[in-house]
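# Results of the structural survey
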Amino acid sequence: MYDWLNALPKAELHLHLEGSLEPELLFALAERNKIALPWNDVEALRKAYAFNNLQEFLDLYYQGADVLRTEQDFYDLTWAYLEKCKAQNVIHTEPFFDPQTHTDRGIAFEVALTGIASALKDGRARLGIGSGLILSFLRHLSEDAAQRTLDQALPFRDAFIAVGLDSSEVGHPPSKFQRVFARARAEGFAAVAHAGEEGPPAYIWEALDLLQVSRIDHGVRAFEDERLMARLIDEQIPLTVCPLSNTKLCVFEDMNQHTILDMLERGVKVTVNSDDPAYFGGYVTENFQALHDSLGMTEEQARRLAQNSLDARLVR
Ligand code: HPA
Ligand code: ZN
């Protein structure tokens, strides 16, 4: 099944570039930039990838991102991810980039963006992979900080297709970012937001009604709210679901309890994505494979999931 799933043409719509930083590259960049790491080797770092919740993961994710310093570092990070896409027949990707993770530690917005954008451009020209970058605000920081990040992005308006919202969900509802999303939409950005990963279904309603998002990232907790399920089905709002992430971060105790296939069968436009593949044990194909192994996903279901990902692209 793996080879068949790998060959299936698909799009990835939920991928944090900083979360694709493999331990080997992390160590190589630390050496290049003369940064001392708290782990002795790649093995020791991999051993630290055991999480009880989203926050435990985020703490390590922000620590890992500290090795990214130069434009070349951001290029190399993005290029390594695009090569994975090529190997897994991901023909289109819409990755997230968290500028504040870098600007808050003194890396210029332009340095990070230029490295990422030139790799995406080369990916289109040399690998034939379509792409569109999503500027994601860190929700544990203030709305004013998000507004300043949007200010920094406007001179590079064409580098982005959308704004997004990620980081620590509970206690930071979409409503906190209503004004910055309105301004971004007025500037022509599409909108997406993480909602209903650890946060309640009410956050999904807010993302739809207050932020006017075109997709919900994760959204798995919609399953608890029948009225919301009906709306997602009725309006065919895509959910970018990340199965391995959900089990690694204990959103579901075990993959055999994941509801993605139930949602698919009820007519929700669900898609399969890797979120932070370097931390969660696999890229898109491994996420599909896990659904086959634990939930008995059929080829027909895999085809529909892949088609949903192609249909839910913001750009073509
Ligand atoms: N959720 C919220 N924020 C994130 C995630 C996630 O799964 N990955 C990287 N930042
Ligand atoms: Zn995510």
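If you're wondering where the values come from, they're calculated on a predicted model, not measured in any experiment. (Residues numbered from 1 in each chain as written. Chains lettered and ligands numbered in written order. Predicted model: local features only at pLDDT ≥ 70, side-chain atom pairs only at ≥ 80, totals over all residues. Heavy atoms only, no water.)

## Description of the site of ligand 1
Selection rule: Any residue with a heavy atom positioned within 4 Å of a molecule or strand is treated as near that molecule or strand. We call two N or O atoms a polar contact when they sit within 3.5 Å, provided that within protein one can donate a hydrogen and the other can accept it, with sequence-adjacent residues counted only if both atoms are side-chain atoms. Put simply, Ala, Val, Leu, Ile, Met, Phe, Trp, Tyr, Cys and Pro go in the nonpolar bin, Asp, Glu, Lys and Arg in the charged bin, and everything else, Gly too, in the polar bin.
The full set of residues close to ligand 1 is His-16, Leu-54, Phe-57, Leu-58, Tyr-61, Asp-166, Ser-167, His-194, Glu-197, His-218, Asp-275 and Asp-276. Interatomic distance of 2.7 Å between a side-chain N/O atom of Asp-275 and an oxygen atom of ligand 1. Asp-276 has a polar side-chain atom sitting 2.7 Å from a nitrogen atom of ligand 1. Class assignment of the residues belonging to the shell around ligand 1 gives a composition of four nonpolar, four polar and four charged.

## Considering the packing of aromatic side chains
The following threshold applies: Pairing of aromatic rings covers Phe, Tyr and the six-membered ring of Trp, with a centre-to-centre limit of 6.5 Å; geometry is then stacked below 30 degrees between planes, edge-to-face above 60, and tilted otherwise. Charge over a ring is defined by NZ of Lys or CZ of Arg lying within 6 Å of the ring centre and within 35 degrees of the ring normal.
On inspection of all chains with the given rule, the structure shows 15 aromatic pairs. Among the aromatic residues, those joined into a ring-pair cluster are Tyr-49, Phe-51, Phe-57, Tyr-61, Tyr-62, Tyr-279 and Phe-280. Across the ring face of Phe-189, the terminal group of Arg-157 is positioned such that the distance to the ring centre comes to 3.9 Å.

## A closer look at the coordination of the zinc ion (ligand 2)
Rules: A 2.8 Å cut-off from the metal defines N, O and S donors, relaxed to 3.2 Å for Na, K and Ca; water is not in the atom list, so some sites may appear incomplete. Helix numbering and strand numbering both begin at the N terminus, where a helix is a DSSP run of H or I of at least 4 residues and a strand a DSSP run of E of at least 2. Classification of residues uses two cut-offs on accessible area relative to the type maximum, computed with a 1.4 Å probe and protein chains only: under 20% is buried, over 50% is exposed, and between them is partly exposed.
Only His-14 (NE2), His-16 (NE2), His-194 (NE2) and Asp-275 (OD) from the protein coordinate the zinc ion (ligand 2), and they sit 2.0 to 2.2 Å from it. Each donor residue of the zinc ion (ligand 2) belongs to the same chain, with the gaps between them written as H-x1-H-x177-H-x80-D. Separated by 259 residues along the polypeptide, His-16 in the loop between strand 1 (10-12) and helix 2 (23-32) and Asp-275 in the loop between strand 10 (270-272) and helix 14 (277-280) bring together distant segments of the chain. What makes Asp-275 buried here is its relative accessible area of 2%.

## Quick word on the packing of helix 10 (residues 201-209) against helix 11 (residues 226-235)
As a reminder, the rule being used: To define axes, lines are fitted to C-alpha atoms, for helices over the stretch in contact only, and angles between the resulting N-to-C directions are given on a 0 to 180 degree scale. By convention the crossing between two helices is left-handed if the near helix lies anticlockwise of the far one by an angle smaller than a right angle, and right-handed if it lies clockwise. Residues are treated as being in contact if the distance between any of their heavy atoms lies within 4.5 Å.
Contact geometry of helix 10 with helix 11 gives a least axis separation of 10 Å together with a crossing angle of 35°. Relative to helix 11, helix 10 is oriented so that their crossing is left-handed. Of the residues in helix 11, those touching helix 10 at Pro-201, Ile-204, Trp-205, Leu-208 and Asp-209 are Arg-227, Leu-228, Arg-231 and Leu-232.

## A few points about helix 5 (residues 71-87)
What counts here: What a helix is expected to span follows from its residue count: subtract one and scale by 1.5 Å.
Taking 1.5 Å of rise per residue, 17 residues should cover 24 Å, and helix 5 covers 25 Å from first to last C-alpha, within 8% of that figure. Taken as a whole, helix 5 has its buried residues at Asp-73, Phe-74, Tyr-75, Leu-77, Thr-78, Trp-79, Tyr-81, Leu-82 and Cys-85. Packing partners of the buried residues in helix 5 comprise strand 1, helix 2, strand 2 (90-93), helix 6 (99-103) and helix 7 (109-127). Once helix 5 ends, the next one or two residues include Asn-89, with phi positive near 55°.

## Notes on helix 8 (residues 143-153)
Among the residues of helix 8, Glu-143, Ala-145, Ala-146, Gln-147, Thr-149, Leu-150 and Ala-153 are the ones counted as buried. For helix 8, the secondary structure elements touched by its buried residues are helix 6, helix 7, strand 5 (133-138), strand 6 (160-166) and helix 9 (178-186).

## Examining the pairing of strand 8 (residues 215-218)
We apply this condition: Any two strands are treated as partners once DSSP identifies two or more bridges connecting them. By definition, the crossover connecting two strands over a helix is right-handed if that path, from the first strand to the second, turns clockwise as seen with the strands pointing away from the viewer.
Two strands pair when backbone bridges link them, and strand 7 (residues 190-195) and strand 8 are joined in this way by four bridges, in the parallel orientation. Bridge pairing in strand 8 links Ala-193 to Ile-216. Taken together, strand 7, helix 10 and strand 8 form a β-α-β motif whose crossover is right-handed. As paired elements, strand 8 and strand 9 (residues 239-241) share two bridges and run parallel to each other.

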